[in-house]
Amino acid sequence: MELIEVPAGLAGVAVTTTSVGDVLGDEGLYHYRGRSAVALATSAGFEEVAALVLDASGESAIGDGTLPDEVAELIGRVDLRSALSVLGAAIDRRPVTELDPGDRRAVAVRLISCFPALIASVHHGAVRAPRPELGHIANYLWMLTGSEDPDLSRALEVYCSLTIDHGFNSGTFAGRVVASTGADFGACVLGAYCALTGPRHGAVQSRVLDMLDEIAASGDAEAWMRQALAGRRRILGFGHAVYRVLDPRAPVLRELTARIAPERHAVAVQAEAAAATVLAGRRIAPNVDLYSPVLLEACGIPSGLFTATFAMARVVGWCAHILEQAAEPKVIRPGAYYVGPPPELG
Ligand code: ACO
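Please read all numbers here as calculations on a predicted model, not as lab measurements.

Thresholds, definitions, all that
- Residues numbered from 1 in each chain as written.
- Predicted model: local features only at pLDDT ≥ 70, side-chain atom pairs only at ≥ 80, totals over all residues.
- Heavy atoms only, no water.
- Axes fitted to C-alpha atoms, helices over the stretch in contact; angles between N-to-C directions.
- Helix = DSSP H or I, 4+ residues; strand = E, 2+ residues; numbered from the N terminus.
- Parallel < 35°, antiparallel > 145°, perpendicular 65-115°, else oblique.
- Left-handed = near helix turned anticlockwise from the far one by under 90°.
- Contact = heavy atoms within 4.5 Å.
- Nonpolar A, V, L, I, M, F, W, Y, C, P; charged D, E, K, R; others polar.
- Buried < 20%, exposed > 50% of the residue type's maximum accessible area, 1.4 Å probe, protein only.
- Arc of directions from axis to C-beta.
- Domains from an automatic or database assignment.
- Buried area = accessible area lost by both parts, 1.4 Å probe.
- Near = heavy atom within 4 Å.
- Polar contact = N/O pair within 3.5 Å; in protein donor to acceptor, adjacent residues only side chain to side chain.
- Areas by Shrake-Rupley, 256 points an atom, 1.4 Å probe, with all protein chains shown as cover.
- Phe/Tyr/Trp six-rings, centres within 6.5 Å; stacked < 30°, edge-to-face > 60°.
- Lys NZ or Arg CZ within 6 Å of the ring centre and 35° of its normal.
- Salt bridge = Lys/Arg side-chain N within 4 Å of Asp/Glu carboxyl O.
- Pairing = 2+ DSSP bridges.

Student: Go over the packing of helix α6 (residues 136–145) against helix α7 (residues 150–162) with me, naming the residues and quoting the values.
Tutor: When two helices pack together, their arrangement is given by the angle between their axes and by how far apart the axes lie. Orientation of α6 relative to α7, taken along the N-to-C sense of each, is 120°, at an axis distance of 9 Å. On the basis of their axis angle, the class for α6 and α7 is oblique. As α6 runs across α7, the sense of the crossing is right-handed. Contacts from Ile-137, Ala-138, Tyr-140 and Leu-141 in α6 reach Leu-152, Ser-153, Leu-156, Glu-157 and Cys-160 in α7. Here the contact of α6 with α7 is composed, by residue class, of 7 nonpolar, 1 polar and 1 charged.

Student: Hey, could you go over the packing of α7 against helix α12 (residues 249–260) for me, with residue numbers and the actual values?
Tutor: Viewed as axis vectors pointing N to C, α7 and α12 meet at an angle of 170°, and their least axial separation amounts to 11 Å. Considering their axes alone, α7 and α12 lie roughly antiparallel with respect to each other. Where α7 abuts α12, its residues Leu-152, Ala-155, Val-158, Tyr-159 and Leu-162 lie against Arg-249, Val-252, Leu-253, Leu-256 and Ile-260. Here the residues of the contact of α7 with α12 sort into 9 nonpolar, no polar and 1 charged.

Student: Go over helix α11 (residues 221–230) with me, naming the residues and quoting the values.
Tutor: Along α11, the positions that sit buried rather than exposed are Ala-221, Trp-224, Met-225 and Ala-228. Buried positions in α11, seen along its axis, are confined to an arc of 95° and lie on one side of it. Among the exposed residues of α11, those oriented more than 90 degrees off its buried face are Gln-227 and Ala-230. Buried residues belonging to α11 abut α10 (205–218) and α13 (262–278).

Student: Tell me about the domain arrangement of the chain, and please be specific about residues and values.
Tutor: According to the domain assignment, the chain consists of domain 1 (20–200 + 304–326) and domain 2 (205–298). Listed by partner, the interface residues are 24 residues for domain 1 and 24 residues for domain 2. Roughly 1800 Å² is buried in total at the junction of domain 1 and domain 2, and carbon and sulfur atoms are behind 76% of that figure. Considering only the surface of domain 1 that becomes buried against domain 2, Tyr-159, His-166 and Phe-306 emerge as the three largest contributors, covering 31% of it.

Student: With reference to specific residues and values, describe the site of the ligand.
Tutor: Around the ligand sit 17 residues, and of these Arg-234, Ile-235, Gly-237, Phe-238 and Asn-287 come closest. His-240 places a polar main-chain atom, nitrogen or oxygen, 3.2 Å from an oxygen atom of the ligand. About the coverage of the ligand: the protein hides 64% of its 910 Å² of free accessible area. Tallied by class, residues from the shell around the ligand come to 8 nonpolar, 5 polar and 4 charged.

Student: Kindly report on the environment of Phe-185, identifying the contributing residues and their values.
Tutor: Of note, Phe-185 is situated in helix α9 (residues 185–196). What makes Phe-185 buried here is its relative accessible area of 1%. Taking the C-alpha atoms as reference points, Phe-185 and Glu-70, 115 residues apart in sequence, are found 17 Å from one another. Setting aside chain neighbours within four positions, we find Phe-185 in contact with Arg-94, Val-96, Arg-104, Val-107, Ala-108, Leu-111, Cys-319, Ile-322 and Leu-323.

Student: So what's going on with the packing of aromatic side chains? Residues and values would help.
Tutor: Going through the model one piece at a time under the given rule, you end up with 2 aromatic pairs. An angle of 45° between the planes, with centres 5.6 Å apart, marks the rings of Phe-168 and Phe-173 as tilted. Since its relative accessible area comes to 21%, Phe-173 is described here as partly exposed. Sitting above the plane of the Trp-142 ring, Arg-131 keeps its charged end 4.6 Å from the centroid. For Arg-249, the ring lying beneath its charged end belongs to Tyr-30, and the centroid distance is 5.7 Å.

Student: How would you summarise the pattern of salt bridges if you had to cite specific residues and measurements?
Tutor: For the structure on display, the rule yields 14 salt bridges. In this structure, Arg-110 and Asp-64 form a salt bridge, with 3.8 Å as the shortest nitrogen-oxygen distance. Here Arg-110 is found in helix α5 (residues 101–124), whereas its partner Asp-64 is found in the loop between α2 (46–54) and α3 (69–72), with 46 residues between them in sequence. Classification of Asp-64 as partly exposed rests on a relative accessible area of 44%. Among the ionic contacts, a cluster of salt bridges with common partners joins Asp-92, Arg-94 and Asp-103.

Student: Can you explain the sheet that holds strand β3 (residues 35–36)? Please cite residues and give values.
Tutor: Reading across from one edge, β1-β2-β3 is the order of the 3 strands in this open sheet, with antiparallel pairing throughout. Edge strands, defined here as strands with exactly one partner in the open sheet, are β1 (21–24) and β3. The pairing of strand β2 (residues 29–32) with β3 spans 2 bridges and is antiparallel. Its bridge partner being in β3, His-31 is matched across the sheet by Ser-36.

Student: Would you mind going over the side chain of His-321 in detail, with residue names and values included?
Tutor: With respect to the helices and strands, the residue His-321 is situated in helix α15 (residues 306–326). Residue classification places His-321 among the buried residues on the basis of a relative accessible area of 1%. Setting aside residues no more than four positions away along its own chain, His-321 makes contact with Thr-18, Val-20, Asp-165, Gly-167, Phe-168, Thr-172 and Arg-176.

Student: Go over the pairing of β1, please, and point to the residues and values.
Tutor: A one-sided burial pattern is seen for β1, the buried positions being Gly-21 and Val-23 and the unburied ones Asp-22 and Leu-24. The pairing of β1 with β2 spans 4 bridges and is classified as antiparallel. Considered in β2, the bridge of Leu-24 is made with Leu-29.

This is the structure we're talking about:
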């Protein structure tokens, strides 16, 4: 078969179609099924946004969030990745491609619903269960930190709604590749989660806080930045693979953190102003992760759980994409140019 050469990282290559949403990098916009993600996140609750993103069927995307017994028995002895693997297997091990659409959706809802209790339980080493009177995100905050502060809860909810989906990113693609093989739903979500844990994708937030500490200690954000660039360091929380203008999530989080974390917020604002000078003309603007760790820290979420918290929201988008992919007949199986020793033929 003739191979087609594509750009490194598949940048700019469309590998499928989707109705879940899209990122318009030059315009600085993204949407969920055609509706402004920023407008939804700032005006609606997480449950409403999740239902739209999952499949827009009008049915809820959130249901029973208590952990299955198989998972509860392991709490205190496993890390999040292992617990997620057991959760998927406990919910349904049948190939995702062989489930009827109703069962497939039900598995997605169960996985999404269990994420908050899974993270909180693994973190505390003791099983946590959601309270029925609290919303999905308020439950997460309460199970994790004990807080029921409505301002923190709403700030976290906006952040989670903003990050529920974001185009055809690496984690989403990974989840769809696993789904195309017909592996079970939990395996698809686990694949997406593992991709997210890389520092080039979702795991940069705690390092942003370290950077803000350094900038605050230096007393001169612009000088700190010039020195960092001279040392060939990247300025964390800036730049994006798709956005060439301001990431539209950044100003929403900037506004939220002004109220709940004024000190950290002030340093991030200084960093933003310094970068506007130091990186001028390079089309490198603040991304979601300049202010998101400030918000998460203010909510009392330990930095070691920033990526897990991101995953707790993003699992909705992953599930939406896995549902789409599971209905496709073709396995995703690209090629590669072989560059090793010549093959022994015959
Ligand atoms: N600081 C300094 N220079 C940068 C930055 C940055 N934050 N981002 C990009 N550049 C420069 C690169 O050095 C490169 O310069 P060169 O052409 O002179 O070598 C040029 O811009 C292009 O860089 P790429 O890595 O090819 O651009 P890409 O668009 O693929 O990068 C990325 C995107 C990885 C996010 C990058 O901007 C980066 O490393 N940012 C800092 C880390 C970060 O904030 N990550 C979170 C991203 S948001 C998210 O994924 C949820």
